[in-house]
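If you want the building blocks of each chain, they are given just below.
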Amino acid sequence: MTATEYVVLVDNNDREIGQAEKIEAHEKCLLHRAFSIFIFRGEKLLLQQRALHKYHSPGLWTNTCCSHPRSGEDIISAGQRRLQEELGFNVPLKDLGWFHYTAHFPNGLSENEIDHVLIGSMTAETKIILNSEEVHAIRWIAIKDLESELASHPAKFTPWLKQALDIIKK
């Protein structure tokens with residue numbers, strides 16, 4: 001049995017105002033804190049395809065890793081924890097800022113997040129170990145190729161990816 005997961009509820013300025021069970025936050029469209037990580041190796045970005053059994057956006061391609069910090073956990077530490085849990089490696093991360101988005105899914109769940117964009121880089125020698133509970137597949141892609149795919153096949157990608165990518169490009 002897995003422990004109940006909680007998310008940090010925030011106001012429109014990303015100030016913590018409480019906690020909620022993760023599934024409740026997604027059922028009730030509660031504003032909460034999240035992060036999206038972009039890991040580069042040279043000019044290529046590591047994308048992940050979300051596990052096929054995820055509670056929303058299963059099988060969609062997205063940035064390297066995304067999740068939610070725990071109460072009392074800073075964004076960088078949370079990002080490093082999730083990189084290790086999902087992909088089996090750790091690298092230094094930098095917070096580039098955040099954006100707010102909402103998205104509604106066919107199963108009735110929604111996202112309403114203040115999403116921090118984290119960036120890092122890895123070497124070719126870094127070993128990646130996929131956690132099949134979280135990640136179905138990975139691939140490397142140049143930003144220009146990703147932008148082209150996002151424009152021609154947006155339904156293959158998570159709804160937050162384009163906005164997060166815009167922060168990366170700045």
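Just above sits the structure.
Here goes a summary of the coordinates provided.

Definitions and cut-offs
Numbering of residues begins from 1 in every chain and follows the order in which that chain's sequence is written. The predicted nature of this model means local features are confined to residues of pLDDT at least 70 and side-chain atom pairs, given and counted, to a pLDDT of 80 or more, with totals for whole chains, interfaces and linings taken over all residues. The side-chain quantities take in all heavy atoms of the structure and omit both hydrogens and water. Counting from the N terminus, the helices are the DSSP runs of H or I reaching at least four residues and the strands are the DSSP runs of E reaching at least two. Both definitions apply: the radius of gyration is a C-alpha atom measure, and the globule rule equals 2.2 Å times residues to the power 0.38. Buried means the residue's accessible area, taken with a 1.4 Å probe over protein chains only, is under 20% of the maximum for its type, while exposed means over 50%, and partly exposed covers the values in between. Whether two residues touch is decided by their heavy atoms; if any such pair falls within 4.5 Å, the residues are in contact. Method for areas: the Shrake-Rupley scheme with a 1.4 Å probe, in which residue coverage is limited to the protein chains shown. Neither His nor the chain termini are counted; the positive set is Lys and Arg, and the negative set is Asp and Glu. Charge placement uses NZ in Lys and CZ in Arg. For Asp and Glu, CG and CD serve respectively. Salt bridge criterion: a side-chain nitrogen from Lys or Arg within 4 Å of a carboxyl oxygen from Asp or Glu. The definition of a nonpolar core used throughout is a set of buried Ala, Val, Leu, Ile, Met, Phe, Trp, Tyr and Cys residues joined through side-chain atoms within 4.5 Å. Helix span, expected: 1.5 Å multiplied by one less than the number of residues in the helix. Here a polar contact is taken to be a pair of N or O atoms separated by no more than 3.5 Å, where protein atoms must pair a possible hydrogen donor with a possible acceptor and residues adjacent in sequence count only if both atoms sit in side chains. Ring pairs are drawn from Phe, Tyr and Trp, using the six-membered ring of Trp, whenever the two centres fall within 6.5 Å, and their geometry is named by plane angle: stacked under 30 degrees, edge-to-face over 60, tilted for the rest.

Details of the overall build of the protein chain
Of regular secondary structure, the protein chain possesses 4 helices and 9 strands. Start at the N end of the protein chain and walk to the C end: the helices and strands fall as β-β-α-β-β-β-β-α-β-β-β-α-α. Its C-alpha radius of gyration of 15 Å places the protein chain within 12% of the 15 Å reference for a compact globule of 170 residues. Judged by the C-alpha coordinates and their principal axes, the protein chain covers about 40 × 35 × 35 Å. When burial is assessed residue by residue, the protein chain has 49% of its 170 residues classed as buried. Of the contacts formed within the protein chain by residues at least 6 apart in sequence, a portion of 62% connects residues at least 24 apart. When the accessible surface of the protein chain is summed, it comes to about 8,500 Å², and 51% of that surface belongs to carbon and sulfur atoms. Computing the positive centroid from 19 side-chain charges and the negative centroid from 23, the protein chain places the two 5 Å apart.

With respect to the pattern of salt bridges
Applying the stated rule across the entire model yields 15 salt bridges. R33 is the partner of D14 in a salt bridge, and the nearest nitrogen-oxygen pair spans 2.8 Å. Remark: R33 occurs in strand β3 (residues 32-41) and D14 occurs in the loop between β1 (6-10) and β2 (16-21); sequence separation between them is 19 residues. When the shortest N-O distance is used, the salt bridge between R81 and E73 registers 2.8 Å. Considered together, R81 and E73 belong to a single accessibility category, that of buried residues.

Focus on the nonpolar core
Grouped together as the largest cluster of nonpolar side chains are 23 residues, with contacts concentrated most on F38, L45 and L146. Only β3, β4 (44-50), β7 (94-104), α3 (143-152) and α4 (161-169) provide two or more residues apiece to this core. Considering each element in turn, this core owes the most residues, 5 residues, to α4. Ignoring sequence-local partners within four residues, the contact set of F38 consists of L45, N63, T64, V117, L118, I119, G120, L161, A164, L165 and I168. I39, I75, L83 and L93 belong to the second-largest nonpolar core, a separate cluster that totals 15 residues.

Focus on helix α2 (residues 75-87)
In this model, α2 (13 residues) spans 18 Å end to end at C-alpha, consistent with the 18 Å of a helix rising 1.5 Å per residue. Those residues of α2 that fall on the buried side of the exposure criterion are I75, A78, G79, R81, R82, L83, E86 and L87. In the core, the buried residues of α2 are packed alongside β3, β4, β6 (65-67), β7, β8 (110-121) and β9 (135-142). Backbone nitrogen of I76 and a side-chain oxygen of the N-cap are separated by 3.1 Å at the start of α2; the cap is D74.

Examining the packing of aromatic side chains
According to the stated counting rule, one finds 2 aromatic pairs in the structure shown. Geometrically, the ring pair formed by F99 and Y101 is tilted, given 5.8 Å between the ring centres and 35° between the ring planes. When the centroid spacing of 6.0 Å and the interplanar angle of 40° are considered together, the rings of Y101 and W160 count as tilted. Placement of the pair is Y101 in strand β7 and W160 in the loop between α3 and α4, with a sequence separation of 59 residues. Each member of the pair Y101 and W160 is classed as buried. Taken together, the ring pairs in this structure connect F99, Y101 and W160 into an aromatic cluster.

Concerning the environment of A164
One can find A164 in helix α4. Taking the C-alpha atoms as reference points, A164 and C66, separated by 98 residues in sequence, lie 11 Å from one another. What A164 contacts, discounting residues up to four positions off in sequence, is S36, F38, F99 and V117.

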